[in-house]
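Next come the chains, spelled out residue by residue.
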Amino acid sequence: MLMIDMHVHSRYSDGSLGTAQLAAAAKRRGLSLLALTDHDTTAGLPSFAEACSAEGIAALSGIELSAEAPYTLHILGYRIAPGGRLEERLADIRNKRNARNLLICEKLRRLGLDVTEEEAKGISGGEVVARPHIARLLIKKGYVGSTAEAFTKYLDRGGAAYVERERLSAEECISLIREAGGLAVLAHPAQCRLDDDGLLALLARLKEAGLWGMEALYGANCAETTYKHLKMAGQMGLYPTAGSDFHDGSRGTGLGMAVSEDFLPWARLRVR
């Protein structure tokens, strides 16, 4: 068996660890492959590659994009080469995310919560400021006791300070990843909250657009869900991938996934 992780976030988006800290943690855990898949930014990839090289770990460049849907729909991209149209669209996404953050903080202040977008930016320490950073700010100021409470009461759909944001279509996410030389993978399929027929229909649609794989092994999955998703990946001719969605360990998900040595198509991934 091998220990790998193809879905990890750093402080460049909404994780709590720097890239060197992630590589060191992966080394301690005995990982042989690590992929950095920050939300909407490639800024951490150069330092991530250096840190993994220093630790003797294969580094896989990645990203995670949010797609427009009535449900959660995230697309992972692997072995991407930053630059070109991808970076242009990422800059636009971040600008729109920042505009959304302003509106969220305005709503929170109207509710009597003394928070500012500058304070949330200070907590992020990276290029992307997102709702988890606002949640951490609410915890720091004592307005809520946990990230879950922050999202339920204020930040999630239905929450008192929720603001919708513009997202790319799933097809554009896949197109951007492929233009950057990457391979597109459906992240955490269970979070789509679709029944089996609905998920198969989504996979068929996305494969038509160029989807390469499906995150069949996911940190929060039970054994039954993992088995079902592995079966679906085989049925649809998609490559299964494995990722914990590690941010900082507070979500109950540790770094690393155990897989068999023949689990991944190593040659096509072309890791460092």
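Predicted, not measured: the structure shown is a model, and the values here were computed from it.

Topic: the overall build of the protein
What the protein contains, in helices and strands, is ten helices and eight strands. Relative to the globule expectation of 19 Å for 272 residues, the C-alpha radius of gyration of the protein, 18 Å, shows essentially globular dimensions. Judged by the C-alpha coordinates and their principal axes, the protein covers about 55 × 45 × 40 Å. Counting only residues that meet the buried cut, the protein has 52% of its 272 residues in that class. By sequence separation, contacts in the protein at least 24 residues apart represent 74% of the contacts at least 6 residues apart. About 11,800 Å² of surface is accessible on the protein, with carbon and sulfur atoms providing 50% of the total. For the protein, the distance from the average position of its 33 positive side-chain charges to the average position of its 34 negative side-chain charges is 1 Å.

Re helix α5 (residues 131-140)
Within α5, seven of the ten residues are buried, leaving the element largely enclosed by the surrounding structure. When α5 is considered as a whole, its buried residues turn out to be Arg131, Pro132, His133, Ile134, Ala135, Leu137 and Leu138. Residues of α5 that are buried sit in contact with α3 (84-110), α4 (117-124) and α6 (147-155). One or two positions beyond α5, positive phi appears at Gly142, with a value near 80°.

Things to note about empty space enclosed by the protein
Evaluated as defined, the whole model comprises two cavities of 30 Å³ or more. Its boundaries defined by the atoms lining it, the largest cavity holds a volume of some 50 Å³. Taken together, Arg89, Asp92, Ile93, Lys96, Arg165, Glu166, Arg167 and Leu168 make up the lining of the largest cavity. For the lining of the largest cavity, the per-class residue count stands at two nonpolar, no polar and six charged.

Focus on the layout of surface pockets
With a probe scaled to a water molecule rolled over the atoms, the places where space remains empty come into view. Estimated volume of the largest pocket: approximately 1,200 Å³. Residue lining of the largest pocket: 38 residues in total, with Thr72, Arg131, Phe151, Asp156 and Gln191 positioned closest to the centre. Sorting the residues of the lining of the largest pocket by element identifies β3 (58-66), α3, α5 and α6 as the ones contributing at least two each. When residues of the lining of the largest pocket are assigned to their parent elements, the largest contribution, four residues, is made by α6. Looking at the lining of the largest pocket, its residues break down into twelve nonpolar, twelve polar and 14 charged.

Notes on the nonpolar core
Core analysis: the largest hydrophobic core is formed by 47 residues, its most contacted members being Leu34, Leu73, Ile75, Leu186, Leu203 and Leu206. Not counting residues within four places of it along the chain, the set of residues in contact with Leu203 comprises Leu186, Leu211, Met214, Met232, Met236 and Leu238. Formed by 20 residues, the second largest nonpolar core is a distinct cluster that contains Trp212, Val259, Phe263 and Leu264.

Re α3
Look at α3: 40 Å from first C-alpha to last across 27 residues, which is about the 39 Å you get at 1.5 Å a residue. Restricting attention to buried positions, one finds in α3 the residues Leu86, Leu90, Ile93, Arg94, Arg97, Arg100, Asn101, Ile104, Cys105 and Leu108. Of the surrounding elements, those touching the buried residues of α3 are β3, α4, α5, α6 and α7 (170-179).

Describing the packing of helix α8 (residues 196-208) against helix α9 (residues 223-236)
At a closest axis distance of 11 Å, the pairing of α8 and α9 adopts a crossing angle of 40°. Judged by the inter-axis angle, α8 sits oblique to α9. The hand of the α8/α9 crossing is right-handed. Across the interface between the two elements, Asp196, Leu199, Leu200, Leu203, Ala204 and Lys207 of α8 pack against Lys228, His229, Met232, Gln235 and Met236 of α9. Residue composition of the contact of α8 with α9, grouped by class: six nonpolar, two polar and three charged.

A short note on the environment of Gln235
Within the secondary structure layout, Gln235 lies in helix α9. Take Gln235: its relative accessible area is 54%, and that puts it in the exposed class. When the C-alpha positions of Gln235 and Leu200 are compared, they lie 9.2 Å apart, and in sequence the two are 35 residues distant.

Examining the packing of aromatic side chains
Taken as a whole and judged by the stated rule, the model has one aromatic pair. Ring geometry for Trp212 against Tyr239: centres 4.6 Å apart, planes inclined by 25°, an arrangement best described as stacked. In this pair, Trp212 sits in the loop between α8 and β6 (213-218) while Tyr239 sits in strand β7 (residues 239-243), placing the two residues 27 residues apart along the sequence.

Rules used in this analysis
Residues numbered from 1 in each chain as written. Predicted model: local features only at pLDDT ≥ 70, side-chain atom pairs only at ≥ 80, totals over all residues. Heavy atoms only, no water. Helix = DSSP H or I, 4+ residues; strand = E, 2+ residues; numbered from the N terminus. Rg over C-alpha atoms; globule rule 2.2 N^0.38 Å. Buried < 20%, exposed > 50% of the residue type's maximum accessible area, 1.4 Å probe, protein only. Contact = heavy atoms within 4.5 Å. Areas by Shrake-Rupley, 256 points an atom, 1.4 Å probe, with all protein chains shown as cover. Lys, Arg positive; Asp, Glu negative; His and termini not counted. Charge placed at Lys NZ, Arg CZ, Asp CG, Glu CD. 1 Å grid on protein atoms, 1.4 Å probe; cavity = no way out; pocket = protein on both sides within 12 Å on 5 of 7 lines; lining within 4 Å. Points joined across faces, edges and corners; volume = space filled by probe spheres on them. Nonpolar A, V, L, I, M, F, W, Y, C, P; charged D, E, K, R; others polar. Core = buried A, V, L, I, M, F, W, Y, C linked by side-chain atoms within 4.5 Å. Expected span 1.5 Å × (residues − 1). Axes fitted to C-alpha atoms, helices over the stretch in contact; angles between N-to-C directions. Parallel < 35°, antiparallel > 145°, perpendicular 65-115°, else oblique. Left-handed = near helix turned anticlockwise from the far one by under 90°. Phe/Tyr/Trp six-rings, centres within 6.5 Å; stacked < 30°, edge-to-face > 60°.

Purely geometric stuff here, so don't read any function into it on its own.
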